[in-house]
Amino acid sequence: MRGLMQDWPMLVHRFIDHAARNHKGAEVVSRTIEGGVHRTGYGQIQTRAKALARALKRKGIRPGDRIATLAWNTHRHLECWYGIAGMGAVYHTLNPRLHADQIAWIANHGGARALFYDNCFAPIVEAIAPKLKHVEFFVALGDEVSPIKTGKKVLPYEKLIAGKGNFNWEALDENSACGLCYTSGTTGDPKGVLYSQRSNVLTALIAGQSSSLHMGPRDRMMPAVPMFHANGWAIPYLAPMTGASLVLPGAKLDGASLYEMLEAEGVTITAGVPTVWLNLLQHMDQNRLKLSHLKRVCIGGAAVPRAMVERFEDDYGVEVTHAWGMTEMSPIGARSSIKPPLDKLSRERQLDFKVKQGFPHFGVEMKITDDKGKERPHDGKSFGRLKVKGPNVARAYFKGMGKEAFEKDGWFDTGDVATMDTHSFMQITDRSKDVIKSGGEWISTIQIENLAMGHPAVAEAAAIGIAHPKWDERPLLIVVLKPGATADKEMLLAHLAGKVAKWWLPDAVAFVDEIPHTATGKIRKTELRRRFADFKFTA
Ligand code: AMP
């Protein structure tokens with residue numbers, strides 16, 4: 001017997017329709033690429049997204065076609081997501097921090113028929129235009145078009161969406177493709193993850209569960225994570241779904257600019273990767289600033305250092321939610337927040353849990369296994385390959401790449417190595433390719449880095465394995481000191497001693513001016529391994 005409830009296909013336009021109808025007071029504030037601050041609301045975003053959908057249809061774009069965007073977080077980029085997805089096409093985000101050749105490779109692999117770009121990316125667009133095999137026209141997302149040579153038509157966005165007329169959102173199957181986002185590709189070519197309308201709706205519902213990115217009409221959310229990183233962490237859907245206002249920081253993600261937006265726009269909740277928050281904290285330290293409105297910060301994309309949780313919570317009264325996820329999971333998978341059995345623990349012990357990646361959301365199944373697929377115990381100590389399942393987890397990459405990550409019984413191998421404890425808190429100890437193998441045992445680089453960053457002189461730290469004649473590999477700790485601070489190897493090792501097993505202690509410490517990061521803010525371990533390829537431990 002079938003249930004007697006209504007069929008309501010899960011389509012992303014419902015978020016913007018809902019907000020336009022029910023949250024008329026919510027604002028969408030953007031720092032524009034030109035530099036000013038633009039204010040609008042969800043009703044206007046909906047109207048303009050429909051105008052874009054109409055224009056795309058007029059230009060011959062059909063459901064399933066990919067439309068690339070090379071853009072920061074602004075109201076126009078938000079309109080693009082809704083306009084493109086609402087007419088059945090697929091928004092295909094490109095990461096401007098990648099090398100131009102890689103951007104072109106991704107746009108070609110994704111088969112983008114048009115490319116929408118912020119004027120500040122005109123030089124990238126000019127460089128890649130001759131290589132783009134499928135792009136038929138370009139759209140400049142500014143008030144005007146900067147002079148640019150592409151060999152194809154370049155349209156100003158405002159002109160494209162001008163003119164009157166209505167548009168009825170396309171009546172789509174909820175499993176239709178909706179968004180295409182490529183993984184960071186630190187090893188090999190990046191791989192495309194093709195979200196469906198349904199997976200995006202479910203992701204927002206899942207991410208909005210309380211204690212994660214939960215927010216409501218009283219909140220003002222500033223995503224410091226760009227929309228091109230891992231489906232924008234679903235925030236472009238979550239904010240209108242919950243009636244929260246959106247504060248979009250545009251191109252300026254440095255500490256001073258973020259601080260200015262947080263204060264001037266009364267931001268209550270924000271989200272981003274640890275490197276962004278390092279810059280904000282440094283800016284606030286240097287200028288002795290306080291936060292007047294911010295209540296919560298969601299930190300993910302890389303492990304949150306314990307010292308960062310302490311700074312936000314103890315010095316600024318801002319609650320930290322540590323979140324873990326990945327592009328392949330739309331992207332949210334787990335979050336760390338203190339559950340009742342942990343209430344009675346000391347602050348120090350609670351912090352041990354906060355820096356873990358946390359327990360899975362409803363809708364995410366998780367397990368850790370050995371290399372043969374046998375499950376490992378949930379004792380908080382045993383490491384294993386982290387595998388996940390759920391309605392917002394990819395079941396294949398675009399055009400069949402990377403098949404080996406997808407197991408026959410539906411589990412996806414995340415490539416992360418993790419422990420799980422009796423409270424179901426998962427802790428990432430490494431990417432499987434970064435773990436240090438010493439004497440047949442594994443050393444967690446993340447744990448060493450995290451502890452090193454608790455030293456008052458350390459701004460950032462990374463640990464890598466260096467070949468060793470006896471132990472196979474031994475850890476090298478690479479450190480950037482805070483401006484004006486001093487520390488030597490002995491001081492840092494003394495700080496780590498007693499906090500990890502003795503054989504985990506790094507054999508050497510290298511002091512550098514800067515640690516390289518990937519286009520999504522992770523430590524670029526491949527580059528560090530290359531730089532230190534000839535490093536030799538001295539006795
Ligand atoms: P991306 O798809 O670019 O978001 O990268 C996903 C990967 O980033 C994960 O598989 C993890 O290796 C890493 N990652 C994401 N969030 C965290 C976190 N909170 N702690 C540690 N690693 C993380």
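The structure presented is a predicted model; accordingly, all values stated were derived computationally and were not measured. Each residue is numbered by its place in its chain's sequence as written, counting from 1. For a predicted model such as this one, the threshold for reporting local features is a pLDDT of at least 70, and the threshold for listing and counting side-chain atom pairs is 80 or more; totals across whole chains, interfaces and linings nevertheless cover every residue. With hydrogens and water stripped out, all remaining heavy atoms of the structure feed into the side-chain values.

## Describing the site of the ligand
Then step 1. Near the ligand, the surroundings consist of 16 residues, among which Ala323, Thr327, Gln357, Asp416 and Arg431 are the closest.
Then step 2. Identification of polar contacts relies on pairs of N or O atoms within 3.5 Å, with a donor-acceptor requirement for protein atoms, meaning one able to donate a hydrogen and the other able to accept it, and with residues adjacent in sequence counted only if both atoms are side-chain atoms. One of the side-chain N or O atoms of Lys522 is found 3.1 Å from an oxygen atom in the ligand.
Then step 3. The fraction of the free accessible surface of the ligand (490 Å²) that becomes covered by protein chains is 94%.
Then step 4. Sort the elements by how many residues they give to the shell around the ligand and strand S14 (residues 319–325) lands first, with 4 residues.
Then step 5. Residue polarity is assigned by list, with Asp, Glu, Lys and Arg as charged and Ala, Val, Leu, Ile, Met, Phe, Trp, Tyr, Cys and Pro as nonpolar; anything else, Gly included, falls into the polar class. Broken down by class, the residue content of the shell around the ligand amounts to 5 nonpolar, 8 polar and 3 charged. Near is defined per residue: the residue qualifies when any heavy atom it owns lies within 4 Å of the molecule or strand. Surface exposure here means Shrake-Rupley accessible area, sampled with a 1.4 Å probe, where a residue is shielded only by the protein chains that are shown. Strands here mean DSSP runs of E at least two residues long; helices mean DSSP runs of H or I at least four residues long; both are numbered from the N terminus.

## Notes on the domain arrangement of the chain
Then step 1. Where each domain begins and ends is defined by an automated method or by a domain database. By domain assignment, the chain separates into domain 1 (13–316) and domain 2 (436–531).
Then step 2. By buried area we mean how much accessible surface two parts lose on assembly, using a 1.4 Å probe and totalling the loss over both. Buried area between domain 1 and domain 2, summed over both chains or domains, comes out near 1,300 Å², and the portion from carbon and sulfur atoms is 61%.
Then step 3. Any carboxyl oxygen of Asp or Glu that lies within 4 Å of a side-chain nitrogen of Lys or Arg is treated as forming a salt bridge with it. Our count for the domain 1 to domain 2 interface comes out at 0 salt bridges.
Then step 4. Remark: the boundary between domain 1 and domain 2 carries 5 residue pairs in polar contact (both at pLDDT 80 or more).
Then step 5. Elements represented by at least two residues in the side of domain 1 that touches domain 2 include exactly helix H10 (274–286) and helix H11 (306–316).
Then step 6. The element contributing the most residues to the side of domain 1 that touches domain 2 is H10, with 4 residues.
Then step 7. Looking at the side of domain 1 that touches domain 2, its residues break down into 7 nonpolar, 8 polar and 2 charged.

## Remarks on the pattern of salt bridges
Then step 1. As enumerated under the stated definition, the model contains 32 salt bridges in all.
Then step 2. Notably, a salt bridge pairs Arg31 with Glu260, separated by 3.7 Å at the nearest N-O pair. Residue Arg31 is found in strand S1 (residues 28–31), and its partner Glu260 is found in helix H9 (residues 255–264); the two are separated by 229 residues along the sequence.
Then step 3. Classification of Arg31 by relative accessible area gives buried; the value is 8%. Between buried and exposed lies partly exposed: a residue is buried under 20% and exposed over 50% of the maximum accessible area for its type, with that area taken using a 1.4 Å probe on protein chains only.

## Quick notes on unusual backbone geometry
Then step 1. Following Ser330, the chain continues into Pro331 via a peptide bond in cis, with omega recorded as 10°.
Then step 2. With respect to the element layout, Pro331 can be found in the loop between S14 and strand S15 (332–336).
Then step 3. Phi angles above zero are rare outside glycine, and Arg288 is one such case at about 50°.
Then step 4. Following the sequence through the fold, Arg288 ends up in the loop between H10 and strand S13 (296–300).
Then step 5. Unusually for a residue other than glycine, Lys399 sits at a positive phi of about 55°.
Then step 6. Residue placement: Lys399 occurs in the loop between strand S18 (384–389) and strand S19 (412–420).
Then step 7. Judged by relative accessible area, Lys399 falls into the exposed class, the value being 53%.

## Brief notes about H9
Then step 1. For H9, the buried fraction is high: 7 of the 10 residues fall into the buried class.
Then step 2. Among the residues making up H9, those that are buried are Gly255, Ser257, Leu258, Tyr259, Met261, Leu262 and Glu263.
Then step 3. Where the residues of H9 are buried, they touch S1, strand S10 (220–223), strand S11 (245–248), strand S12 (269–272) and H10.
Then step 4. Looking one or two residues past H9, Gly266 carries a phi angle of roughly 60°, positive in sign. Note on contacts: a residue pair qualifies if any of its non-hydrogen atoms lie within 4.5 Å across the two residues.

## Quick word on the packing of aromatic side chains
Then step 1. Classification of ring pairs rests on two measures: the distance between centres of Phe, Tyr or Trp rings, Trp counted by its six-membered ring, which must be within 6.5 Å, and the angle between planes, read as stacked under 30 degrees, edge-to-face over 60 and tilted in between. Under the counting rule described, the total for this entry stands at 18 aromatic pairs.
Then step 2. Note on Tyr82 and Tyr237: the rings are 5.9 Å apart at their centroids and 85° apart in plane angle, and the pair reads as edge-to-face. Residue Tyr82 is found in helix H3 (residues 75–86), and its partner Tyr237 is found in helix H8 (residues 235–242); the two are separated by 155 residues along the sequence.
Then step 3. The class for Tyr82 is buried, based on a relative accessible area of 1%.
Then step 4. Under the relative-accessibility criterion, Tyr237 is labelled buried at 1%.
Then step 5. Both rings, one in Trp503 and one in Trp504, keep their centres 6.1 Å apart while their planes meet at 80°; by these two values the pair is edge-to-face.

## Considering the environment of Ala51
Then step 1. In this structure, Ala51 sits in helix H2 (residues 42–58).
Then step 2. Once the C-alpha coordinates of Ala51 and Leu160 are considered, the two residues, 109 residues apart in sequence, prove to be 8.5 Å apart.

## Considering the sheet that holds strand S6 (residues 137–140)
Then step 1. Note on pairing: two strands pair once DSSP finds at least 2 bridges between them. Taken in spatial order, the 7 strands of this open sheet run S7-S6-S5-S3-S4-S8-S9, and their pairing is mixed. The sheet is open, and its two borders are formed by strand S7 (153–156) and strand S9 (192–196), each paired with just one other strand. Averaged over all pairs of adjacent strands, the angle between strand axes in this sheet comes to 25°, irrespective of strand direction.
Then step 2. Where strand S8 (residues 177–182) lies against S9, 5 bridges are found, and the strand directions are antiparallel. Each axis is a line fitted through C-alpha atoms, and for a helix only the stretch in contact is used; angles between axes span 0 to 180 degrees, taken between their N-to-C directions.

## Description of the sheet that holds strand S20 (residues 426–431)
One key point about sheets: their strands pair by backbone hydrogen bonds, in either a parallel or an antiparallel sense.
Then step 1. Pairing in this open sheet of 4 strands is antiparallel, and the strands run S17-S18-S19-S20 from one edge to the other. Both edges of this open sheet fall to strand S17 (365–369) and S20, since each of them pairs with a single strand only. Looking at each pair of strands side by side, their axes are set apart by 45° on average, direction ignored.
Then step 2. In terms of strand pairing, S18 meets S19 through 4 bridges, oriented antiparallel. Following the sheet pairing, Gly384 is matched in S19 by Ala418.

## With respect to the packing of H11 against helix H12 (residues 347–354)
Then step 1. Across the interface, H11 lies against H12 with an axial gap of 10 Å and an inter-helix angle of 120°. As summarised for this structure, H11 and H12 are arranged oblique, according to the angle between their axes. Here the hand of the crossing between H11 and H12 comes out right-handed. Side by side, H11 and H12 meet where Arg306, Val309, Glu310, Glu313 and Asp314 of the first sit next to Arg347, Glu348, Leu351, Asp352 and Lys354 of the second.
Then step 2. Looking at side-chain class alone, the contact of H11 with H12 contains 2 nonpolar, no polar and 8 charged residues. Orientation categories follow fixed angle ranges, with anything under 35 degrees roughly parallel, anything over 145 roughly antiparallel, 65 to 115 roughly perpendicular, and all other angles oblique. A crossing counts as left-handed when the near helix is turned anticlockwise from the far one by less than a right angle, and as right-handed when that turn is clockwise.

## A closer look at the pairing of strand S2 (residues 37–40)
Then step 1. Bridging between S1 and S2 involves 4 bridges; their strand directions are antiparallel. Within S2, the residue paired with Val29 across the bridge is Arg39.
Then step 2. The turn joining S1 and S2, which pair antiparallel and follow one another in sequence, is formed by 5 residues; a positive phi near 120° is taken by Gly35.

## What to know about the packing of helix H1 (residues 13–22) against H2
Then step 1. Where H1 meets H2, the axes come as close as 8 Å, and the angle between the chain directions of the two elements is 135°. Relative to H2, the element H1 is oriented oblique. In this structure, H1 crosses over H2, and the sense of that crossing is left-handed. Only Tyr42, Gly43, Ile45 and Gln46 of H2 make contact with H1, whose side of the interface consists of Ile16, Asp17, Ala19 and Ala20.
Then step 2. Classifying every residue of the contact of H1 with H2 gives 5 nonpolar, 2 polar and 1 charged.

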